[in-house]
Amino acid sequence: MTKVIAFANSSAEPATYRPAPERILAGDPVQTATLHFTSADGRFSAGTWAAERGTWRVVFTESEFCHLLEGVIVVTDEAGTRTTFRAGDAFVSPAGFTGTWEIVEPARKLFAFYE
């Protein structure tokens, strides 16, 4: 039987990690992700994520939808275009996006990605 997944009732365990050292540009962007759902084929996942202040290079192999719940994030593409997101904002990082993520204020988001 297939059931709806309520994040608030999920028993998923959070995983804490950092970007690879060669990708970190500033700070110590410790991150915590909790995968509340992953599809049977492993291509779609959804969960919650949090990060501390810092900046790192990103290379997205997946398309990710984000809804920022707390904090401030500045996303800069490889052309140098900076976009600031604050609590309440939603955005998509498409597969193939490269650039940087800067956590200006500790952040927390809901996410869903498709690989």
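Residues numbered from 1 in each chain as written. Predicted model: local features only at pLDDT ≥ 70, side-chain atom pairs only at ≥ 80, totals over all residues. Heavy atoms only, no water.

**Student:** How should the UniProt feature "domain: (S)-ureidoglycine aminohydrolase cupin" (unreviewed entry) in the protein be read in this particular structure?
**Tutor:** This chain's UniProt record puts "domain: (S)-ureidoglycine aminohydrolase cupin" (unreviewed entry) on residues 39–110. Secondary structure across residues 39–110 comprises 0% helix and 71% strand; the distance between its end C-alpha atoms is 17 Å. (UniProt positions renumbered as here; feature names shortened; annotations may be inferred. Helix = DSSP H or I, 4+ residues; strand = E, 2+ residues; numbered from the N terminus.)

**Student:** Help me understand the pattern of salt bridges, please; the structure alone is not making it clear to me.
**Tutor:** Close approach of charged atoms allows side chains with opposite charge to pair. According to the stated counting rule, one finds four salt bridges in the structure shown. A salt bridge links Arg18 to Asp28; the shortest N-O distance between them is 2.6 Å. One end of the pair, Arg18, is in the loop between β1 (15–17) and β2 (24–27); the other, Asp28, is in the loop between β2 and β3 (31–38), with 10 residues separating them in the sequence. Judged by its relative accessible area of 47%, Arg18 is partly exposed. By relative accessible area, which is 39% here, Asp28 ends up partly exposed. (Salt bridge = Lys/Arg side-chain N within 4 Å of Asp/Glu carboxyl O. Buried < 20%, exposed > 50% of the residue type's maximum accessible area, 1.4 Å probe, protein only.)

**Student:** How should the environment of Phe60 be read in this particular structure?
**Tutor:** Within the element layout of this structure, Phe60 appears in the loop between β5 (54–59) and β6 (63–77). Residue Phe60 is classed as buried on the basis of its relative accessible area, which comes to 7%. With residues up to four places along the chain from it excluded, the contact list for Phe60 reads Ser93, Pro94, Ala95, Gly96, Phe97 and Trp101. (Contact = heavy atoms within 4.5 Å.)

**Student:** Is there a simple way to explain the nonpolar core in this structure?
**Tutor:** For soluble globular proteins, the rule of thumb is that nonpolar side chains tend to be buried together. Trp49, Ile73, Trp101 and Ile103 are the most contacted members of the largest nonpolar core, which totals 18 residues. Those elements that provide at least two residues to this core are β4 (44–51), β5, β6 and β9 (98–114). Top contributing element to this core by residue count: β9, with five residues. (Core = buried A, V, L, I, M, F, W, Y, C linked by side-chain atoms within 4.5 Å.)

**Student:** Can you help me understand a nonpolar patch on the surface in this one?
**Tutor:** Residues Ile5, Phe37, Phe44 and Tyr114 make up a contiguous nonpolar surface patch of about 340 Å² in total accessible area. Mapped onto the secondary structure, Phe44 falls in strand β4. The class for Phe44 is partly exposed, based on a relative accessible area of 32%. (Patch = residues over 30% accessible without salt bridge, like charges linked within 9 Å, V, L, I, M, F, W, Y side chains within 5 Å. Areas by Shrake-Rupley, 256 points an atom, 1.4 Å probe, with all protein chains shown as cover.)

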